[in-house]
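# Commentary on secondary and tertiary structure
So the chains spell out like this:
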Amino acid sequence: MYSYRTILGVLIYILCGHSVHAIEQVYLEPEIFIAQSFDDPPEQKILWLTKEVKVAIKAIIGHDYPGLRIRYWQQGGRTAWILEEIGKVKPITTGFVLEGDEMCAMRVLIYRESHGWEVRYPFFTDQFTGLRLDASNRLNKPIDGISGATLSVNALTRLSKLALYLHRKTQAQ
Amino acid sequence: MNWQLPRKRTILAWHRWLGIVSALFLLSLAITGLALNHTELLKLDRIPIQHPFILERYGMADTGTVQAYHIHASDILVHLDGQLFYNDRALASASQPLGIIEGESISVVATATKLIYLSPQGDCIEIIDNHQLPYRTLTAVGTTLDQRPLLISPQGNWTPEDGYWVEFDAYNGSYEVATLEAIAPNDSAVQTWLNNFQGSGVSLYRVLLDLHSGRLFGWGGRTVMDLTAVAIILLISSGISAWLRPSPRNHQSGSS
């Protein structure tokens, strides 16, 4: 018969053997996302974040976007962006395709949180198609949430506003 | 088939043992649940926890060694437990640097899976991970024969197309590997970096939430909390069963 010490030891091993870190899930490689977003290979460009742009970004997403430049891919009036935003504790890597003044597609590329991965499904991402930003940087339609994934939904909604704003900046240049 | 409840003594024995085994976890569930229900009143999100055990559970313990390198002549790049610092400022989560390539307008810190672009003042310009690079894992940094920076990987060798490091060209020629020399920082500098690394710790709210769900101990903790929930159901069932089952003593006294 196992002694209580053995049982206690096994229990402590099970409890302490794993930390609270989430696993990175790659749903779509960014390079494949870019290749799928354009008919021909796009040109890779960079948008430098000037003081004015940084202020606008902070107003849109509620905090500074890390770095001084953001790269994007362009072919004619169509652009693609790979942006990151933290849902709860880990960044969600998301791809956006934009043309004209509206969003053509949104895809969750890499998800690192332990909860809220439902945001990758088309029933959620399809809502972003046709999304536009008005002059006050507000979306033209609301995004329906998902129970248990509120922080991820909010993060992706913020990112979609940012992508629309950045696209507008590149079209104005 | 005529199904009968077990004897009351048996039910109570099971009830007792189940209660004893699950008591600790039930207590934890009840106390943390009560506290979480009153987070704002108790200001749980404003109470930082810096105990080494808790920090270790969240991957914030100072278990790694500090490695420091000179950058931009007088500045220092520090790597500690998956975190890079520029002097005493947190820069990015990254593995140990394999090379530092200093340029006129952009300097690049190359790790196995990331390129971190820095301004001459040490501000982060951009962080590119291996999902957006032409290789999966960088093994070393070097220079070509005409002194251009070179990224060496099992998937091939690459040089930046220009000083902006936006696109990369494949390189098949000869090259020299540049090794990164670490420096020995003093104790007070190491302590400053450790304090920066751990920040103000983890909030009590976060710890209680993860303790309540069992996530503080990974899948093992979650499983124990699941079993505790099952134990509650069994305790209720066995309690009701014992109450429904008349004791033999009452039965005997009733029949005499």
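Residues numbered from 1 in each chain as written. Chains lettered and ligands numbered in written order. Predicted model: local features only at pLDDT ≥ 70, side-chain atom pairs only at ≥ 80, totals over all residues.

## Re the overall build of chain A
In terms of helices and strands, chain A carries five helices and six strands. Element order for chain A, N to C, with α for helix and β for strand: α-β-α-β-α-β-β-β-β-α-α. Counting across all 173 residues of chain A, residues that qualify as buried make up 30%. For chain A, restricting intrachain contacts to residue pairs at least 6 apart in sequence, the fraction spanning at least 24 positions comes to 63%. (Helix = DSSP H or I, 4+ residues; strand = E, 2+ residues; numbered from the N terminus. Buried ≥ 20, exposed ≤ 12 C-beta atoms within 10 Å, placed from the backbone. Contact = placed C-beta atoms within 7 Å.)

## Considering the overall build of chain B
Within chain B one finds seven helices and 15 strands. With 256 residues in all, chain B has 22% of them scored as buried. Summarising the internal contacts of chain B: among those between residues at least 6 apart in sequence, 53% fall at separations of at least 24.

## Quick word on unusual backbone geometry
Residues and elements named next belong to chain A. Unusually for a residue other than glycine, Asn137 sits at a positive phi of about 60°. Looking at the secondary structure, you find Asn137 in the loop between α4 (122-125) and α5 (150-172). Classification of Asn137 as partly exposed rests on a count of 14 C-beta atoms within 10 Å.

## Observations concerning the interface of chain B and chain A
By a widely used convention, the size of an interface equals the accessible area lost when the partners come together. Contacts between the two partners involve 23 residues from chain B and, on the opposite side, 19 residues from chain A. Listed by contribution, the elements that provide at least two residues to the side of chain B that touches chain A are β9 (124-129) and α6 (218-244) of chain B. The element contributing the most residues to the side of chain B that touches chain A is α6(B), with five residues. Split into classes, the residues belonging to the side of chain B that touches chain A amount to 10 nonpolar, seven polar and six charged. (Nonpolar A, V, L, I, M, F, W, Y, C, P; charged D, E, K, R; others polar.)

## Observations concerning the packing of helix α1 (residues 8-37) of chain B against helix α5 (residues 204-213) of chain B
All names here are of chain B. Running from N to C, α1 and α5 point in directions that differ by 140°, and their axes come no closer than 9 Å. When the axis of α1 is compared with that of α5, the two are oblique. Both α1 and α5 take part in a crossing whose hand is left-handed. Seen from α1, the contacting residues are Ser28, Leu29, Thr32, Gly33, Ala35 and Leu36; seen from α5, they are Leu208, Leu209, Leu211 and His212. (Axes fitted to C-alpha atoms, helices over the stretch in contact; angles between N-to-C directions. Parallel < 35°, antiparallel > 145°, perpendicular 65-115°, else oblique. Left-handed = near helix turned anticlockwise from the far one by under 90°.)

## Overview of the pairing of strand β4 (residues 78-86) of chain A
Residues and elements named next belong to chain A. Sheet analysis places strand β3 (residues 69-75) next to β4, joined by four bridges and oriented antiparallel. In the sheet register, Trp73 faces β4, and the bridge partner there is Ala80. Hairpin connection between β3 and β4: a loop of two residues separates the two successive antiparallel strands, and Gly76 in this loop has a positive phi of roughly 60°. Inspection of the sheet shows β4 paired to strand β5 (residues 91-99) by nine bridges, in the antiparallel sense. Bridged to Ile86 within β5 is Pro91. The hairpin turn running from β4 into β5, its antiparallel successor, is four residues long. (Pairing = 2+ DSSP bridges.)

## A few points about the sheet that holds strand β8 (residues 114-118) of chain B
All names here are of chain B. The strand order across the open sheet built from four strands is β6-β7-β8-β9, with neighbouring strands paired in antiparallel fashion. Two strands close off the open sheet at either side, each with one partner strand: β6 (99-101) and β9. Neighbour-to-neighbour, the strand axes of the sheet open up by a mean angle of 15°, direction not taken into account. As paired strands, β6 and strand β7 (residues 107-110) are joined by three bridges and run antiparallel to one another. The residue of β7 that forms the bridge with Gly99 is Ala110.

## Description of the nonpolar core
With 36 residues, the main nonpolar core has Ala80(A), Trp81(A), Leu83(A), Phe96(A), Met103(A), Leu162(A) and Ala163(A) as its most contacted residues. The set of elements that each furnish at least two residues to this core consists of α2 (30-37), α3 (51-61), β3, β4, β5, β6 (102-111) and α5 of chain A. Residue contributions to this core peak at eight residues, all from α5(A). If we skip the residues at most four places from it in the chain, Leu83(A) touches Thr94(A), Phe96(A), Leu159(A), Leu162(A) and Ala163(A). The next biggest cluster of nonpolar side chains, apart from the first, holds 28 residues, and it includes Leu84(B), Tyr86(B), Ala94(B) and Val109(B). (Core = buried A, V, L, I, M, F, W, Y, C linked by C-beta atoms within 7 Å.)

## What about the confidence of the model for chain B?
Residues with a pLDDT of 70 or more make up 91% of chain B, whose mean pLDDT is 85. Interface confidence for the predicted complex, expressed as ipTM, amounts to 0.74; the pTM equals 0.67. (pLDDT = per-residue confidence, 0-100.)

## Side note on the sheet that holds strand β2 (residues 43-48) of chain A
All names here are of chain A. Strand order in this open sheet of six strands is β1-β6-β5-β4-β3-β2, and the pairing throughout is antiparallel. With one partner strand each, in any of the chains shown, β1 (25-26) and β2 form the two edges of the open sheet. Together, β2, β3, β4, β5 and β6 form the strand contacts of α5, whose direction differs from that of β4 by roughly 145°.

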